[in-house]
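Examination of the molecular architecture
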Amino acid sequence: MKRLFTLATLVVAMVLSSCEFDDSEIWDKLKDHEKRITALEELCKQMNTNITSLQTIVNALEKHDYITNISPIRKDGEDIGYTITFAYSNPITIYHGQDGADGKDGQDGYTPKIGVKKDSDGIYYWTLDGEWLLDSNGNKIKAVGVDGKDGQDGTDGKDGQDGQDGSNGTNGADGKDGADGENGRDGQDGKDGADGITPRLKIENDYWYVSYDEGATWIKLGKATGEDGADGSDGMDGVDGADGDNIFSSVTQDDEYVYFNLADGTMITLPKHDKENIQFEDLNVKAICCKNWDTNNDGELSYTEAAAVKTIGTAFQGNTNIIAFTELKYFTGLTKIPRGAFKDCSALWKITIPEGVTSLEDGISGTPASGCFGNCTSLTNISLPAKLIRIGLGAFYNCNSLQNITIPDAATYIGKDAFRNCTALLGVTIPDNVAIIGDGAFAGCTGLKYMHIGEGVSEFGYDPFSNCTGELICNSSVRDLTSSSGSGVFSDSAFTKATFGGRCTKIGSSAFESVETITTVILEKSVVILSSNAFNYGNVYNTGFIDYVYCKSPTPPQGNSTMFDSSVQKIYVPIGCGATYKAASGWKTFSSKIEEFDFDNNTI
């Protein structure tokens, strides 16, 4: 044996000396496993919180309680759950949509689905994966307690009989009265029925366990993490397991009710009975509103009190705790949102403007962050009223989480820096009624996919679209497409494709000066004039940037030899119009690049 061991040691030494062992894959798998376990432990913690909260919800339902407030819980910019307050029951926290960890290359990890259902006896019982949860005796486990009945009083004891009188002689003493019998003792009250049992969950050695007796004993359920799938014949890994689910899939509400949707498909509905007072989603907002406008000092803000407010001033300005204010819509007496009203409210992520508001007032000139929502860096959702006419200076300055905005058709004015640095904004459609777009109104909107400019714009400020990206569609009636300062409207922008039509008849001089990103230009039939350097990077640079020009007019627009950069690759014109374009003034300079194109039967 000793010789065999020596030989084995020699072989191992030779192998180790001939190659370097790489354990990185093992460590990567270990780290991945640890991450999954951490995620599952967090899921387990949240599920136990949800089980307790679900029990409170059922109790509230049984006691005819009602909900007074729902506040979202935010983490890392995401909505992960809610804090629910009741008129009488204790507040609860619930989590929704937090997925369990993936199974790694194989079967899915199992996540128990805890729920409640009402049985034919009218009592709510716990369920596990859609089936009744049973105790060791096979009995369904109550989610709420039922009181025991009182015992009946015992009957009174009978009175004792009187003693007999003594015999006559010298007067004998009277016999003593017999003592009364004692009353029977009252029967003892029956004990109250035990409270509903609260199941508890835990994860141990990668398996789920459930306890029905406060952790005294645990029953093993399914595996919490998926098994590794075997490699396929081609060496490919198996497909990752799907995510686990939490107890609550969602919580929704309307003006009358709150709906708790459970992962097993059950829905529990609780009312919001308070018809007089506003039910605020954000308690911090409620506190500010009550401090300023609760005229009867009852600790609530009624719909009547909100409607009487004529201005909100700076009551919310700089507050970094408020996160939601959709109830602003009930302040129906407002016609304006004043400058800086929500300035620096960095946690505010959604708000609804009242329908009567026609103006978002200008911020201070030279200080765009003083606009109505300046530096609201968490703002992702805002509903603008249909009657809104004016979007003032710096209104949404630096709202770099704002992804979507619908500018109402009634709007006529978009002020200076109104949307500057809204880097998450995906697309903008400027309605036809908008006449003025101020300096830098959309400057720095580097995440744009499209920009549609309506027909009514008659005045552009300086560099309104600086660094804007995506596809441009311009139908503006501004003949020269020049700004109020005389520079090109689209100077310093980063659009990649541009279409001009609608009421756009002329592309002005240096409209795209200092732009080198645009590769495709489409000129609809409305365009009749192309000025000097209209699509030229600039007289000084002259580096070229446009690859393809599509001109749809059968009659060549008026132009000159500098309207396009010399590096343009192709200029497409309608079928049968090639010769006309090649002979036209200005166009003949690019005759070698002009080709006919069937616009009727081909898409660009």
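It should be emphasised that the depicted structure is a prediction, and the values quoted were computed from it without experimental measurement.

Brief notes about the overall build of the chain
- Along the backbone of the chain there are five helices and 31 strands.
- For the chain, contacts bridging at least 24 residues in sequence account for 51% of all contacts bridging at least 6.
- Here the chain displays about 30,700 Å² of accessible surface, and carbon together with sulfur accounts for 46% of that area.

A closer look at the confidence of the model for the chain
- Confidence in the prediction for the chain averages 80 pLDDT; 76% of positions are at 70 or higher.
- In the predicted structure, residues 98-108 sits below a pLDDT of 50 and forms 52 contacts with residues beyond four places in sequence or in another chain.
- pLDDT under 50 marks residues 539-543. Its contacts with residues more than four places away, or in other chains, come to seven contacts.

Observations concerning the sheet that holds strand S31 (residues 594-597)
- Here eight strands make up an open sheet; going across it, the order is S20-S22-S24-S25-S27-S29-S30-S31 and the pairing parallel. The sheet is open, and its two borders are formed by strand S20 (427-430) and S31, each paired with just one other strand. Each neighbouring strand pair of the sheet contributes to a mean axis angle of 15 degrees, computed without reference to strand direction.
- Note that strand S29 (residues 548-551) and strand S30 (residues 570-574) share three bridges and pair parallel. Residue pairing across strands places Tyr-548 opposite Lys-570, the latter belonging to S30.

Some thoughts on the packing of aromatic side chains
- This model, assessed by the stated rule, comprises 34 aromatic pairs.
- Look at Phe-500 and Phe-512: their rings are 5.9 Å apart centre to centre, the planes differ by 85 degrees, and that puts the pair in the edge-to-face class. You can see Phe-500 sitting in strand S25 (residues 497-500) and its partner Phe-512 sitting in the loop between strand S26 (506-507) and strand S27 (520-523), a full 12 residues away along the chain.
- For Phe-512, a relative accessible area of 0% gives the class buried.
- Ring centres of Tyr-581 and Trp-587 lie 4.9 Å apart, and the angle between their planes is 85 degrees; this geometry places the pair in the edge-to-face category.
- Given a relative accessible area of 0%, Trp-587 falls into the buried group.
- Above the face of the Trp-132 ring, Lys-140 is positioned so that its terminal group lies 5.8 Å from the ring centre.

Here we look at the pattern of salt bridges
- Tallying each qualifying case throughout the model produces nine salt bridges.
- Between Glu-204 and Lys-202 there is a salt bridge, with its nearest N and O atoms 3.1 Å apart.
- Residue classification places Glu-204 among the partly exposed positions, given a relative accessible area of 37%.
- Take Lys-202: its relative accessible area is 22%, and that puts it in the partly exposed class.
- Across the salt bridge formed by Lys-286 and Glu-300, the nearest N and O atoms sit 3.1 Å from each other. Of this pair, Lys-286 sits in helix H3 (residues 283-293) while Glu-300 sits in the loop between H3 and helix H4 (303-307); the two residues are 14 residues apart in sequence, bridging distant segments of the chain.

Some words on the sheet that holds strand S3 (residues 92-95)
- The three strands are arranged S1-S2-S3 in an open sheet whose pairing can be described as antiparallel. Only two strands of the sheet have a single partner each, and these edge strands are strand S1 (67-75) and S3. Taken over all neighbouring pairs, the strand axes of this sheet differ in orientation by 25 degrees on average, direction set aside.
- Taken together, the four bridges between strand S2 (residues 78-86) and S3 define a ladder with antiparallel strand orientation. Note that in S3 the partner of Thr-83 across the bridge is Thr-93.

A look at the pairing of S29
- Direction of pairing for S27 relative to S29: parallel, over a ladder of four bridges. Across the sheet, Val-521 pairs through a bridge with Val-549, a residue of S29.

Observations regarding the nonpolar core
- Of all hydrophobic cores here, the largest spans 94 residues; its most connected members are Phe-342, Phe-373, Phe-396, Phe-442 and Phe-500.
- Among the elements of the structure, H3, S20, strand S22 (450-453), strand S24 (471-474), S25, S27, S29 and S30 are those that each provide at least two residues to this core.
- Sorting elements by how many residues they give to this core places H3 first, with five residues.
- Those residues within four positions of Phe-442 in sequence are excluded, and the remaining contacts are Ile-414, Phe-419, Val-428, Ile-430, Ile-437, Met-451, Pro-464, Phe-465, Ser-466 and Cys-468.
- Within the second largest apolar cluster, 39 residues are counted, among which are Ala-60, Ile-94, Tyr-212 and Leu-270.

Criteria and thresholds
- Residues numbered from 1 in each chain as written.
- Predicted model: local features only at pLDDT ≥ 70, side-chain atom pairs only at ≥ 80, totals over all residues.
- Heavy atoms only, no water.
- Helix = DSSP H or I, 4+ residues; strand = E, 2+ residues; numbered from the N terminus.
- Contact = heavy atoms within 4.5 Å.
- Areas by Shrake-Rupley, 256 points an atom, 1.4 Å probe, with all protein chains shown as cover.
- pLDDT = per-residue confidence, 0-100.
- Pairing = 2+ DSSP bridges.
- Axes fitted to C-alpha atoms, helices over the stretch in contact; angles between N-to-C directions.
- Phe/Tyr/Trp six-rings, centres within 6.5 Å; stacked < 30°, edge-to-face > 60°.
- Buried < 20%, exposed > 50% of the residue type's maximum accessible area, 1.4 Å probe, protein only.
- Lys NZ or Arg CZ within 6 Å of the ring centre and 35° of its normal.
- Salt bridge = Lys/Arg side-chain N within 4 Å of Asp/Glu carboxyl O.
- Core = buried A, V, L, I, M, F, W, Y, C linked by side-chain atoms within 4.5 Å.

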